[in-house]
Amino acid sequence: MKAIIIGGGIGGLSAAIALKRCGITTEVYEAVKEIKPVGAAISIWPNGVKCLNWLGMKEQLQQLGGPMEFMAYKEFVHGQTMTRFSLDPLIQSVGERPYPVARAELQDMLIDNYGRADIQFGKRVARIEEFDGGVRAYFDDGHVAVGDVLIAADGTHSVIRPYVLGHQTERRYAGYVNWNGLVEIDETIAPGNQWTTFVGEGKRVSLMPVAGNRFYFFFDVPLEKGLPEDRSTVKADLTRYFAGWAEPVQKLISTINPDTTNRIEIHDIEPFMQLVRGRVALLGDAGHSTTPDIGQGGCAAMEDAVVLAVALQTNSLGVEDALLRYQGKRAYRVKDLVLKARKRCDVTHGKDMAITHSWYEELKVETGERVLSGMRETILGGPLE
Ligand code: FAD
């Protein structure tokens, strides 16, 4: 069996490694010549970590992950701790730890594990068609690829999604802007072994440790879409949005490098239940685009990859049947993740400030039990318990 994989991001490469591991021939086509991930880092939760472990990258991932042992929320004016707890009960109950990792390093790990020379960079698919017994992909440069199955891991702006769904989808603006980047760990800003989040005014500032003594930081601010802001204005913008916030936040703003700070207007797509058509499967953001509020978009792509590979490997009724089983296992799961993230997004970002204020009050009496139990439920919904 030969699989054509469109997209060399987290989803496409996880799928390529998974299929290869299951003895399926793969061809990976990536539109750009050099992948530049949209964010600085990503938290891989234990459900995603287990997928990468299954794909043979356990030790490598451990080298990339930051030592995130604790989690804390702080109020925004004085930086006083509202709650702080260990992540260990979560780790013990799900059997694996989370790893915040720099995206470029994750991307390199995936590329190297698949084989850099085997990825066809600079190949943008324009359209696809099925024929009796196979599927063809047509590329902008005139190249045509033929396979038994096609995996569309071409991201949130997927050109293959309309083929599968039979209609276009709209991206929905989630109502906030996210700035993110990496800085050297500074313990006067936050402890180096903790996921620290300052909250107030429907905004947040968060820091997570990644390997190499670095913090992955992000700032979220509810804002209208399309403001004329970019890297050249980032310090002034953050200084304005976070005026009056605690000293560690001011220090973080003064420390960041605008040239490597990303500014992203956060979107998702209304979940849909159809992930496959014939011999074509959507995977990763192509099949489910979520806000990053529970840090599960990339993890879900890794889950998709494992489930799809196993479905294709273990089925003897043919590709179409295997893909339908993949859809059956994934559609509810990914819909649930997108909607959970949307709900979290609204509470965090003050869609209704009364609800957001109640959440701040809850944080002051949080022991960790409630937060960790929500995470545990999400994590244990993955395919590898
Ligand atoms: P992409 O990463 O978008 O990759 C798609 C690839 O396909 C790209 O390389 C693109 O160039 C290529 N492509 C596109 N069109 C074509 C074409 N026509 N032909 C060929 N190739 C094509 N997830 C987590 O799990 N944890 C987190 O902490 C987390 N934090 C996030 C923070 C932010 C700010 C954002 C925006 C997202 C976050 N996510 C997180 C989500 C995660 O980044 C995505 O879910 C993940 O990157 C999706 O991977 P993908 O491979 O499906 O898509």
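Each chain carries its own residue numbering, running from 1 in the written order of its sequence. Per-residue local features are limited, in this predicted model, to residues with pLDDT of at least 70; the limit for side-chain atom pairs, both in listing and counting, is 80 or more; totals at the level of whole chains, interfaces and linings are taken over all residues. Based on all heavy atoms of the structure, the side-chain values leave hydrogens and waters out of the count.

As a reminder, the rule being used: UniProt positions are given in the numbering used here, feature names are shortened, and annotations may be inferred rather than shown by experiment.
Looking at an unreviewed UniProt entry, one finds the chain named FAD-dependent urate hydroxylase and attributed to Buttiauxella noackiae ATCC 51607. Listed in UniProt under the heading Catalytic activity (unreviewed entry), the comment for the chain reads: "urate + NADH + O2 + H(+) = 5-hydroxyisourate + NAD(+) + H2O". Entered under Cofactor (unreviewed entry) in the UniProt record, the comment concerning the chain runs "FAD".

Quick look at the pattern of salt bridges
Between side chains of opposite charge, a pair can form when the charged atoms approach closely. Here is the rule we go by: Criterion for a salt bridge: a side-chain nitrogen of Lys or Arg within 4 Å of a carboxyl oxygen of Asp or Glu. Burial classes follow relative accessibility: with a 1.4 Å probe on protein chains only, a residue under 20% of its type's maximum area counts as buried, one over 50% as exposed, and anything between as partly exposed.
Evaluated as defined, the whole model comprises 30 salt bridges. With a shortest N-O distance of 3.2 Å, Arg 116 and Asp 112 are connected by a salt bridge. The exposure class assigned to Arg 116 is partly exposed, which follows from its relative accessible area of 41%.

Things to note about the sheet that holds strand β8 (residues 125–131)
What counts is decided by this rule: What makes two strands pair is DSSP finding at least two bridges between them. What counts as a helix is a DSSP run of H or I of at least four residues, what counts as a strand is a run of E of at least two, and both are numbered from the N terminus. Inter-axis angles, ranging from 0 to 180 degrees, are taken between N-to-C directions of lines fitted to C-alpha atoms, where helices are fitted over the stretch in contact.
Reading across from one edge, β8-β9-β10 is the order of the three strands in this open sheet, with antiparallel pairing throughout. Of all strands in the sheet, those with a lone pairing partner are β8 and β10 (144–147), marking the two edges. Along the sheet, successive strands turn relative to each other by an average axial angle of 20°, direction set aside. The pairing of β8 with strand β9 (residues 134–139) spans six bridges and is antiparallel. Opposite Glu 130, over in β9, you have Val 135 as the bridge partner.

A word on the sheet that holds strand β13 (residues 194–200)
We count it as follows: The contact criterion used throughout is that any non-hydrogen atoms of two residues lie within 4.5 Å.
Pairing is mixed in the open sheet, where seven strands are placed in the order β5-β4-β13-β14-β15-β12-β16. In the strand order of this sheet, the two ends are held by β5 (81–86) and β16 (262–269), each with one partner. Between one strand and the next, the sheet's axes are offset by a mean angle of 20°, whatever the strand orientation. The strands touched by helix α8 (residues 247–255) within the sheet are β12 (171–184), β13, β14 (203–210) and β15 (214–222), with β15 carrying the most contacts at an inclination of about 105°. The sheet strands contacting helix α10 (residues 319–348) are β12, β14 and β16, and the helix crosses β16 at an angle near 125°.

Let's talk about the pairing of strand β6 (residues 99–102)
Covered by surrounding structure in β6 are Tyr 99 and Val 101 together with Pro 100 and Ala 102, the residues of both alternating faces. As paired elements, strand β3 (residues 41–44) and β6 share four bridges and run antiparallel to each other. Bridging across to β6, Ile 42 finds its partner in Val 101.

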